[in-house]
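Here are the chains, one letter per residue:
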Number of protein chains: 2
Amino acid sequence: MRTDFHRQLDLLNADLTAMCDLAATAIRRATDALLHTDLGAAEHALAGIEQLRRLNLNVDRRTLSLLARQAPVAGDLRAVVSAVQIGADADRMGGLAAHVAAAVRRRHPAPVLPTQIAPRFAEMGRIAASLADAAREVVLDGDPVAAARIRADDADMDAQHRLLLAALSTPAWCHGTPAAVDIVLLARFYERFADHAAEIGRRVIFRSTGANTADTQATPADTLP
Amino acid sequence: MRTDFHRQLDLLNADLTAMCDLAATAIRRATDALLHTDLGAAEHALAGIEQLRRLNLNVDRRTLSLLARQAPVAGDLRAVVSAVQIGADADRMGGLAAHVAAAVRRRHPAPVLPTQIAPRFAEMGRIAASLADAAREVVLDGDPVAAARIRADDADMDAQHRLLLAALSTPAWCHGTPAAVDIVLLARFYERFADHAAEIGRRVIFRSTGANTADTQATPADTLP
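All residue numbers here refer to positions counted from 1 along the written sequence of the relevant chain. Here the convention is simple: chains get letters from A, ligands get numbers from 1, in the order in which they are written. Only residues with pLDDT of at least 70 are given local features in this predicted model, and only at 80 or more are side-chain atom pairs given and counted; all residues enter the totals for whole chains, interfaces and linings.

**Student:** Can you help me understand the overall build of chain A in this one?
**Tutor:** Only DSSP runs of H or I reaching four residues or more are called helices, and only runs of E reaching two or more are called strands; each is numbered from the N terminus. For chain A, the helix and strand inventory stands at six helices and zero strands. Counted from the first residue to the last, chain A has its helices and strands arranged as α-α-α-α-α-α. For the radius of gyration, the atoms used are the C-alpha atoms, and the globule rule reads 2.2 Å times the number of residues raised to 0.38. On C-alpha atoms alone, chain A measures out to a radius of gyration of 19 Å, which is about the 17 Å that the 2.2 N^0.38 rule sets for 225 residues. Note that contacts rest on C-beta atoms placed from the backbone: two residues are in contact if these are within 7 Å. Counted over contacts in chain A with a minimum sequence separation of 6, partners at least 24 positions apart contribute 79%.

Here it is as C-alpha cells:
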C-alpha cells in the first residue's frame, strides 16, 4: 500500500516537473518571438500551453484520487496538497507566457517593442526562464535551500520591472503611449511569471519542512514605478 | 465523527466567506481612495488585508488538519481541497485591492487618475465589488447556477478593461505616458480581481457538482487592446 502510494506520488511529481519544464520552454519561445517578431515562435509557444493545461487537470485528478484512496498524513499529506498549488502556479506561468506570445501574434508583422527597450526584455526573459528551470529542479529534488534561492532571484526580476516602468515614465520616452501600454502589460506578465516561480519555491519549502514562510507577493509599494 | 467533520467544514467555509467579504470591502475602499484621492480610505483598505492573510493561513491549516484526521471522500473531499484554492483566490483578490490602495498612497496628494478616466474606474470598482459579493454568496450556499453567473459577469469587466486600454491607445489621450503607465497597471489589477472571483465560481461548481469546467483565464487574444 505504502509502496503504491509513493509510486503515485512520484507520478504526480513527474507531472509537476514536466509542467515547470513546459513553462520554461513557453517563456523562452515567447521571448524569442517578442525579440525577433517571430510569428512561428509565438505559435510554437502557444501550442505548448495546451499540454500544460492538460497536465494540470491531471495533477488535480491524481491528487483527489490519492487523498481519497490513501489518506496520507504528515509529510506525505503536505506533498499531495502542495501538488495542487504547484500545479496551479506552473499552469499560470504558462498562461502568462501565452499572453506574451499572443501579443506578438496580435501586432505581427509590426514589432511590439521599440529597439531601445528590447535588451531589458531579453534580460527579463532570461531571468524568467532561469527561475522556471530552478522551480523544476526544486520540485524534483525538494531542496529547501535552493527553493529559498528562487525567491532571492525573483528580486532581480522586480528590479528589472521597476527600471522598465521608470524608463517609460521619463520625458526621454519617445515612443508614445500606445507602445507603452503594450510594454507595461508585457512587463507585468514577466514579473508575475517570476512571482509564481518564487511561489513554487515557497510550496517546496513547505512540502519539505512544514514551514509556511512569509508570502512572496510583491509588496504593494513595489508595484508602481 | 461525521458530525464533527461537518462542523469543521462549516468553520472552514465561514473563513472562506469572511475572506470574500474582506476582499469586497478592500476593493470598495481602494476604489473610494482612488476616485477621491483619499489617503484614509487607502490606509483603511491596506489594514484589512492583514486579516485576509491570517484567515488564509488559517484555511490552509484547517484543511490539512481535516484531511489528516478525517480522511474525507467524494463531495466532502472536494469541499476540503476546493477550500485551499478558494482561499488562495480570495487572498490574491485582497492583494490586488492592496495594490490599488498602495498606488493612491504613493501618489498622494496628487490624484492617480485624470478626471476623464475616473468614471471607467468607478464602474470597474463597482463590478469588482459586486463579483466579490457574488463569490461570497456562492461559497456560502454552493449554488452552481449563481456560480456560473459570476463568470458571465466577469465578461463585463473584460469589456471595461479593453475599452480603457483602447482609450489610452488613441491619439485623443492627452495625459501623457506616465499617467498611462499607472492606469494600465491599475486596470490590470481590477481585471485580475474579477478573474479570481470567477475562478471562485468555478471552484464552487466543482465542489457542488464534481464538474471541472473550462478554465476562466482571460484568453490571450483579450489581453492587449
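**Student:** How should the relation of the copies chain B and chain A be read in this particular structure?
**Tutor:** For the pair of chain copies, the relating transformation is a rotation about an axis with a translation along it. The copies were overlaid by least squares, fitting only the C-alpha atoms of residues that reach a pLDDT of 70 or more in each copy. It takes a turn of 180 degrees to lay chain B on chain A, together with a shift of 0.0 Å along the axis; the resulting RMSD is 0.0 Å. On this basis, the relationship between the two copies can be described by a two-fold rotation axis. Here 100% of the interface residues in chain B have copies in chain A that are interface residues too; the copies meet face to matching face.

**Student:** How do you make sense of the environment of Arg106(B) when you look at a structure like this?
**Tutor:** All names here are of chain B. Locating Arg106 in the fold gives a position in helix H3 (residues 74-107). Three exposure classes are used, based on other C-beta atoms lying within 10 Å of a residue's own C-beta, which is placed from the backbone: buried for 20 or more, exposed for 12 or fewer, and partly exposed in between. On the neighbour-count criterion, Arg106 (16 C-beta atoms within 10 Å) is partly exposed. Separated by 67 residues in the primary sequence, Arg106 and Leu39 have C-alpha atoms spaced 9.5 Å apart.

**Student:** Would you explain helix H5 (residues 144-168) of chain A in this entry?
**Tutor:** For H5(A), built from 25 residues, the straight-helix expectation of 36 Å at 1.5 Å per residue is met to within 8% by its first-to-last C-alpha distance of 37 Å. Taken residue by residue, H5(A) has Ala147(A), Ile150(A), Arg151(A), Asp154(A), Met157(A), Gln160(A), His161(A), Leu164(A), Leu165(A) and Leu168(A) as its buried positions. Taken together, the buried residues of H5(A) touch helix H4 (118-141) and helix H6 (176-209) of chain A together with helix H6 (176-209) of chain B. Working rule for helices: expected span equals 1.5 Å times residues minus one.

**Student:** Would you mind showing me how to read the nonpolar core here?
**Tutor:** Soluble globular proteins tend to pack their nonpolar side chains together in the buried interior. Think of a nonpolar core as buried Ala, Val, Leu, Ile, Met, Phe, Trp, Tyr and Cys residues chained together by C-beta atoms that fall within 7 Å. Ala23(A), Ala97(A), Ala23(B) and Ala97(B) are the most contacted members of the largest nonpolar core, which totals 158 residues. Leaving out residues up to four positions away in the same chain, Ala97(A) has contacts with Ala23(A), Ala26(A), Ile27(A), Ala30(A), Ala45(A) and Phe193(A).

**Student:** I'm lost on the interface of chain B and chain A in this one. Help?
**Tutor:** In many reports, interface size means the accessible area that the parts give up when they come together. The partner chain A presents 37 residues to the 35 residues of chain B that form the contact. With ten residues, H3(B) is the single largest residue contributor to the side of chain B that touches chain A. The classification used treats Ala, Val, Leu, Ile, Met, Phe, Trp, Tyr, Cys and Pro as nonpolar, Asp, Glu, Lys and Arg as charged, and all other residues, Gly among them, as polar. Each residue belonging to the side of chain B that touches chain A can be placed in one class, and the counts come to 24 nonpolar, eight polar and three charged.

**Student:** Sorry, what's going on with the confidence of the model for chain A here?
**Tutor:** Caution applies to low-pLDDT parts of the model: their predicted coordinates are not meant to be read in detail. All names here are of chain A. The predictor rates its confidence in each residue with pLDDT, a number between 0 and 100. A residue-level look at chain A finds 94% of positions with pLDDT of 70 or above and a mean pLDDT of 93. Throughout residues 215-222 the model reports pLDDT below 50, and contacts reaching past four residues in sequence, or to other chains, amount to 18 contacts. As scored by the predictor, the complex reaches a pTM of 0.94 and an ipTM of 0.93.

**Student:** Help me understand the environment of Ala18(A) in this model?
**Tutor:** All names here are of chain A. Structurally, the position occupied by Ala18 is in helix H1 (residues 2-36). Take Ala18: there are 18 C-beta atoms within 10 Å of it, and that puts it in the partly exposed class. In this structure, the C-alpha to C-alpha distance between Ala18 and Arg136, residues 118 residues apart in sequence, is 7.8 Å.

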